[in-house]
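Per-entry structural report
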Amino acid sequence: MLDRLQSLENRYNKLNEMLSDPEIINDTTKLRDYSKEQSGLEDVVQAYREYKEVSSQLKDAKEMLEDSLDDEMHEMVKAEIAELVGNKTDLEEKMKVLLLPKDPNDDKNVFMEIRGAAGGDEAALFAGDLYRMYTRFAEAHGWKTEVMEAHSTGVGGYKEIIFMINGNGAYSKLKYENGAHRVQRVPETESGGRIHTSTATVAVLAEAEEVEIDIHEKDIRVDTFASSGPGGQSVNTTMSAVRLTHEPTGVVVSIQDEKSQIKNKEKAMKILRARIYDKIQQETQAEIDADRKSAVGTGDRSERIRTYNFPQNRVTDHRIGLTIQKLDQILQGKMDDFVDALSIEEQTKKLEQIGE
């Protein structure tokens, strides 16, 4: 491990030199790629440097202990050694985690697709709650959101809403949200006070760059039609809505959110690219059973992953058995406890696999 860490530090130092080279500074592509690589190495190199410093201090302290010392100084050095040993162990564990293979999508922007499932209007209202939860979470992290397509129910809910979150690391934080989310509460329309159970599904797709996935125009069928609002009424007499069908994969995207056909097609292409990229990744992962089993929350999207219980102000994540009695705060976007716990769980499983 130490040889690998030294190699990474050497590469980090080399990148520092390269990023000061005027030739690279004037090359936008190289500057971007090398800056990204350097940024990706920063945490592990910093931890390794701290580790080397602690190791050096520990060596000096042990040598000092061999000298003739009075009792008070002897005890002070022993206490310092104990502290340094603890720090060294912590840094070793930290470096193991930092050296784990990274998800290549972690730094990407994401598309989130939320759909009301079982429960009619109540499911659509819950889909709206989830959408607001994620947008508040995004705001708290300084990320920007953009609605790509929305089919509202007219009472504050959504049959379906697709939106984009732009921000460094968005996918790394939100990839665990894939799956079915269940809500238990008394609907406003329920006069008897009975608790109803409804569900909404969430899909998280990493944004795919054009260089990552090659889509040929000849493989896409483009259909245009007049957009419609809730209940099917026409809201636009022009043929601005766009439906793209990628015939090789059967992936279909329909967008009517904008009044401009060109803008709708641009949005549809972004989502189409992300869905095809996701489909390819899902198929690849399905072939590697070990990786599939080690993943947390990136598997079957029909799996019920979380329950939101309003009467008890409780949220439970069923994958890791974590329950938090702060439903009101979580719906305000304060989801970090779940995000951090799921991330740690996945890291732990990967470390266990390495140790097997």
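Source: prediction; values computed, not measured. (Residues numbered from 1 in each chain as written. Predicted model: local features only at pLDDT ≥ 70, side-chain atom pairs only at ≥ 80, totals over all residues. Heavy atoms only, no water.)

One finds Met112, Ile114, Leu130, Tyr134, Ile165, Leu174 and Tyr308 to be the most contacted residues of the largest nonpolar core, which totals 54 residues. Looking at which element gives the most residues to this core, the answer is helix 5 (residues 120–140), with eight residues. With residues up to four places along the chain from it excluded, the contact list for isoleucine 114 reads Ala127, Leu130, Tyr131, Tyr134, Lys159, Glu160, Ile161, Phe163, Thr201 and Val202. Leu8, Leu15, Tyr34 and Val77 belong to the second largest nonpolar core, which has 23 residues in total. (Core = buried A, V, L, I, M, F, W, Y, C linked by side-chain atoms within 4.5 Å. Buried < 20%, exposed > 50% of the residue type's maximum accessible area, 1.4 Å probe, protein only. Helix = DSSP H or I, 4+ residues; strand = E, 2+ residues; numbered from the N terminus. Contact = heavy atoms within 4.5 Å.)

For the rest of this paragraph, the subject is the pattern of salt bridges. Under the defined criterion, the tally for this structure stands at 19 salt bridges. The partner of aspartate 223 in a salt bridge is arginine 221, with the nearest N and O atoms 3.3 Å apart. What makes aspartate 223 partly exposed here is its relative accessible area of 24%. Judged by its relative accessible area of 39%, arginine 221 falls in the partly exposed class. One connected set of salt bridges, linked through shared partners, spans Glu113, Arg115, Glu160 and Arg275. (Salt bridge = Lys/Arg side-chain N within 4 Å of Asp/Glu carboxyl O.)

Turning next to the packing of aromatic side chains. Taken as a whole and judged by the stated rule, the model has four aromatic pairs. Their ring planes at 75 degrees and their centres at 6.0 Å tell us that phenylalanine 137 and tryptophan 143 sit as a pair that is edge-to-face. Overall, the relative accessible area of 0% leaves phenylalanine 137 in the buried class. With relative accessibility at 10%, the residue tryptophan 143 sits in the buried group. An aromatic cluster of three or more residues is present, and its members are Tyr131, Tyr158 and Phe163. The cationic tip of arginine 185 hangs over the ring face of phenylalanine 310; the distance from NZ or CZ to the ring centre is 4.7 Å. A cation over a ring is seen here: arginine 306 above phenylalanine 338, with NZ or CZ 5.0 Å from the ring centre. (Phe/Tyr/Trp six-rings, centres within 6.5 Å; stacked < 30°, edge-to-face > 60°. Lys NZ or Arg CZ within 6 Å of the ring centre and 35° of its normal.)

So, on to the sheet that holds strand 8 (residues 251–255). Across the sheet, three strands lie side by side as 6-7-8; this open sheet has antiparallel pairing. Two strands in the sheet have a free side with no partner beyond their single neighbour: strand 6 (220–225) and strand 8. Pairwise comparison of adjacent strand axes, ignoring direction, gives a mean angle of 15 degrees for this sheet. Bridging between strand 7 (residues 241–246) and strand 8 involves five bridges; their strand directions are antiparallel. (Pairing = 2+ DSSP bridges. Axes fitted to C-alpha atoms, helices over the stretch in contact; angles between N-to-C directions.)

A residue-level look at the chain finds 88% of positions with pLDDT of 70 or above and a mean pLDDT of 84. Per-residue pLDDT stays below 50 along residues 230–234; that stretch engages in four contacts with residues further than four places along the chain or on separate chains. (pLDDT = per-residue confidence, 0-100.)

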